[in-house]
Amino acid sequence: MSPKTPSPMIATLLILGSAVFGVLGLLHTIYTLLDLRNPRRLAPVDPSVAHAMANSALRLSGGRTDMWRAWIGFNFSHSLGVLLVAGLALWAGFRFNTLPVGIIMPALTLIGCVYLVLALLYWFRAPANGVAVGTGCFAAAWVLSLR
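Everything numeric in this text was worked out from a predicted model, so none of it was measured.

1. So, the packing of helix 1 (residues 8-37) against helix 3 (residues 67-94)
- Closest axis-to-axis distance for the helix 1/helix 3 pair is 8 Å, and the angle between their directions is 160 degrees. What the angle tells us is that helix 1 and helix 3 run roughly antiparallel. The two elements helix 1 and helix 3 meet at a crossing, and its hand is left-handed.
- Classifying every residue of the contact of helix 1 with helix 3 by side-chain character gives 19 nonpolar, ten polar and one charged.

Shown next, in the form of structure tokens:
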């Protein structure tokens, strides 16, 4: 296969990995939006903890924001990061034949691996499984692109 010939399998793996990250990022965004009115998803089980967060200033902010607002902001920015990874992978899947494969493929795989380590250390099983699948797709696409 010549370097300019796109591989349907590589493109498919990139798009599949993108879809997994996209679904995770979109769900995280929706859950964060829903938690603005009725915190039940990305919120502490004990309501007194959420209350304490809302009544505790973030030291770094000099009292200009509280821990609950910082938590919501973190969740939105996290969602945005995951959606950007999904967008990059989707773009790569549709533009595979014109990409600098030596940069994009390792970058997607490395980013996926970082998210996987975070998921395994700090999150719960469903996102960890999803990140593992998406990252596996990126890694497989990278390996195939080396052939």
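2. Brief notes about the environment of Tyr 115
- Counting through the fold element by element, Tyr 115 comes out in helix 4 (residues 101-122).
- Since its relative accessible area comes to 14%, Tyr 115 is described here as buried.
- Sequence-wise, Tyr 115 and Val 82 are 33 residues apart; in three dimensions their C-alpha atoms are separated by 8.8 Å.
- Those residues in contact with Tyr 115 that sit more than four places away from it in its chain are Phe 21, His 78, Gly 81, Val 82, Val 85, Trp 123 and Val 131.

3. A word on a nonpolar patch on the surface
- A contiguous nonpolar patch, built from Val 23, Leu 26, Leu 27, Ile 30, Tyr 31, Leu 34 and Leu 83 and spanning about 560 Å² of accessible area, is present on the exposed surface.
- Within the secondary structure, Val 23 sits in helix 1.

4. Re the nonpolar core
- Leu 14, Phe 21, Leu 108 and Phe 138 are the most contacted members of the largest nonpolar core, which totals 19 residues.
- Considering each element in turn, this core owes the most residues, five residues, to helix 3.
- Ignoring anything within four residues of it in the chain, the contact list for Leu 14 reads Ala 89, Ala 92, Gly 93, Phe 96, Met 105, Leu 108, Phe 138 and Ala 141.
- One finds Ala 43, Ala 50, Met 53 and Ile 72 within the second-largest nonpolar core, a separate group that totals five residues.

5. Here's the deal with the packing of helix 1 against helix 5 (residues 125-145)
- Interaxial distance between helix 1 and helix 5 falls to 8 Å at its minimum, and their mutual angle equals 160 degrees. As far as their axial angle goes, helix 5 and helix 1 are roughly antiparallel. The two elements helix 1 and helix 5 cross, and the hand of that crossing is left-handed. Here Met 9, Ile 10, Leu 13, Leu 14, Leu 16, Gly 17, Ser 18, Val 20, Phe 21 and Leu 24 of helix 1 come into contact with helix 5, specifically with Pro 127, Gly 130, Val 131, Val 133, Gly 134, Thr 135, Cys 137, Phe 138, Ala 140, Ala 141, Leu 144 and Ser 145.
- Taken together, the residues of the contact of helix 1 with helix 5 sort by class into 16 nonpolar, six polar and no charged.

6. Quick notes on helix 3
- The end-to-end C-alpha distance of helix 3, which contains 28 residues, comes to 41 Å, matching closely the 40 Å that a straight helix rising 1.5 Å per residue would cover.
- Among the residues of helix 3, Trp 68, Ile 72, Asn 75, His 78, Ser 79, Val 82, Val 85, Ala 86, Ala 89, Ala 92 and Gly 93 are the ones counted as buried.
- Check the buried side of helix 3 and you find it contacts helix 1, helix 2 (47-54), helix 4 and helix 5.
- Taking the backbone nitrogen of Trp 68 as reference, a side-chain oxygen 3.0 Å away marks Asp 66 as the first, capping residue of helix 3.

Calculation notes
Residues numbered from 1 in each chain as written. Predicted model: local features only at pLDDT ≥ 70, side-chain atom pairs only at ≥ 80, totals over all residues. Heavy atoms only, no water. Axes fitted to C-alpha atoms, helices over the stretch in contact; angles between N-to-C directions. Helix = DSSP H or I, 4+ residues; strand = E, 2+ residues; numbered from the N terminus. Parallel < 35°, antiparallel > 145°, perpendicular 65-115°, else oblique. Left-handed = near helix turned anticlockwise from the far one by under 90°. Nonpolar A, V, L, I, M, F, W, Y, C, P; charged D, E, K, R; others polar. Buried < 20%, exposed > 50% of the residue type's maximum accessible area, 1.4 Å probe, protein only. Contact = heavy atoms within 4.5 Å. Patch = residues over 30% accessible without salt bridge, like charges linked within 9 Å, V, L, I, M, F, W, Y side chains within 5 Å. Areas by Shrake-Rupley, 256 points an atom, 1.4 Å probe, with all protein chains shown as cover. Salt bridge = Lys/Arg side-chain N within 4 Å of Asp/Glu carboxyl O. Core = buried A, V, L, I, M, F, W, Y, C linked by side-chain atoms within 4.5 Å. Expected span 1.5 Å × (residues − 1). Polar contact = N/O pair within 3.5 Å; in protein donor to acceptor, adjacent residues only side chain to side chain.

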